[in-house]
Amino acid sequence: MVIPDIIIAIDGYSATGKSTLAKEIARTLGFTYLDSGAMYRAVTLFAMEKGLIKGSKVDEPALREALSSCPDIHFGEGNKAYLGERCVEKEIRSMKVSSKVSPVAALAFVRAFVDEKLHEAGSKGRVVMDGRDIGTAVFPDAQLKIFVTASDEVRARRRFDELVQKGTPTPMEEVLTNLKERDYIDSHRETNPLRQASDAFVLDNSDMTLREELTWLQGVLQGRFGILQ
Ligand code: CDP
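So, a few notes on the structure that sits alongside this text. (Residues numbered from 1 in each chain as written. Predicted model: local features only at pLDDT ≥ 70, side-chain atom pairs only at ≥ 80, totals over all residues. Heavy atoms only, no water.)

Right, let's get into the site of the ligand. Close to the ligand lie 18 residues, the nearest being Arg 41, Arg 111, Arg 159, Asp 186 and Arg 189. Here Ala 15 contributes a backbone N or O atom positioned 2.8 Å from an oxygen atom of the ligand. In isolation the ligand exposes 530 Å². Once the protein is present, 96% of that is buried. It is helix H2 (residues 36-49) that contributes the most residues to the shell around the ligand, four residues altogether. Across the shell around the ligand, the residue classes break down as four nonpolar, five polar and nine charged. (Near = heavy atom within 4 Å. Polar contact = N/O pair within 3.5 Å; in protein donor to acceptor, adjacent residues only side chain to side chain. Areas by Shrake-Rupley, 256 points an atom, 1.4 Å probe, with all protein chains shown as cover. Helix = DSSP H or I, 4+ residues; strand = E, 2+ residues; numbered from the N terminus. Nonpolar A, V, L, I, M, F, W, Y, C, P; charged D, E, K, R; others polar.)

Let's shift gears to the sheet that holds strand E7 (residues 86-87). Strand order in the open sheet formed by three strands is E5-E6-E7, with antiparallel pairing between adjacent strands. The open sheet has two edge strands, strand E5 (73-75) and E7, and neither has a second partner. Running at roughly 135° to E5, H2 makes contact with E5, strand E6 (81-83) and E7 of the sheet. (Pairing = 2+ DSSP bridges. Contact = heavy atoms within 4.5 Å. Axes fitted to C-alpha atoms, helices over the stretch in contact; angles between N-to-C directions.)

Turning our attention to the packing of helix H8 (residues 152-165) against helix H9 (residues 172-188). In the contact formed by H8 and H9, the axes pass within 9 Å of each other and the chain directions differ by 120°. Here H8 is positioned oblique relative to H9, judged by the angle of their axes. H8 and H9 meet at a crossing whose hand is right-handed. In this structure, H8 uses Asp 152, Arg 155, Ala 156, Arg 157, Arg 159, Phe 160 and Leu 163 to contact H9, whose residues at the interface are Met 172, Val 175, Leu 176, Leu 179, Lys 180, Arg 182 and Asp 183. (Parallel < 35°, antiparallel > 145°, perpendicular 65-115°, else oblique. Left-handed = near helix turned anticlockwise from the far one by under 90°.)

Our next topic: helix H10 (residues 210-225). If you check H10, its first and last C-alpha atoms are 22 Å apart, about what 16 residues at 1.5 Å a residue would give, namely 22 Å. Residues of H10 that are buried include every one of Glu 213, Leu 217, Val 220 and Leu 221, and no others. Taken around the axis of H10, the buried residues stretch over an arc of 100°, which confines them to a single face. Those residues of H10 that are exposed and angled more than 90 degrees off the buried face are Arg 211 and Gly 223. For H10, the secondary structure elements touched by its buried residues are helix H1 (18-29), strand E9 (144-149) and strand E10 (201-204). Within two residues after H10, Gly 226 carries a phi angle of roughly 70°, on the positive side. (Expected span 1.5 Å × (residues − 1). Buried < 20%, exposed > 50% of the residue type's maximum accessible area, 1.4 Å probe, protein only. Arc of directions from axis to C-beta.)

Moving on to the sheet that holds E9. Spatially, the five strands line up as an open sheet ordered E2-E8-E1-E9-E10, and their pairing is parallel. Each edge of the open sheet carries a strand with a single partner, namely strand E2 (32-35) and E10. Each strand of the sheet is rotated relative to its neighbour by a mean of 20°, with strand direction disregarded. One ladder, built from four bridges, connects E2 with strand E8 (residues 127-131); its direction is parallel. In the strand pairing of E8, Thr 32 is matched with Val 127. Across the sheet, helix H6 (residues 108-122) lies against strand E1 (7-12), E2 and E8, angled at about 160° from E8, the strand it touches most.

Right, let's get into the environment of Met 208. For Met 208, the position within the fold is in the loop between E10 and H10. Taking the C-alpha atoms as reference, Met 208 lies 29 Å from Phe 75; in sequence the two are 133 residues apart. With residues near it in sequence (within four places) discarded, Met 208 still touches Arg 158, Leu 203, Glu 213 and Trp 216.

Below is the structure:
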């Protein structure tokens, strides 16, 4: 079965397991996986290290200028994020970065900076991209769009467990507050807010295992493209 050179856009709220699903789809179909959230996180780390974020206030003119010398953001083995030569995977997933990323990602010039990279990566298709605005703004013509949701409690529990696994345990209350704050900022910003595309397939995975999600996806792929995995 030949798989067409499609773009699969997976959007949704924070910590809904978009990246786990996206990685698994990419692996199964032999597509490239691209984590747009990691790019916003890397830009945020860059801004923090340059001292351009004070409290929740971003020094916009300084960041705009600094971005022209931002080291290349790319992904290495195991989809680990790099800022230039440096692997920043661990730092970008920290609560420190999580607490600053949404105000940075709300800036139009930051979005344009990341979008350019996403367009370049997706120009030939055969990619699975996850984020907030992939199906609505970055690739509005993506051939398959999935919008993922899950209950607040499930999302907080998943992120809490992830942080424990990474050796950075964080109180559940703090995790939940951060998810809600980001969801609010992400869906209320002016530029390309988080929205469900009208032609997206909605997946509420609150009570689903990854295997069940993949079975659901198989049905979608089969119905839509006649692809049998
Ligand atoms: O993994 P998690 O769901 O916590 O978030 P992420 O996908 O790593 O994204 C981190 C943050 O980047 C989000 O809360 C958004 O503020 C921003 N983001 C965005 O604005 N647009 C995207 N396409 C992807 C992420």
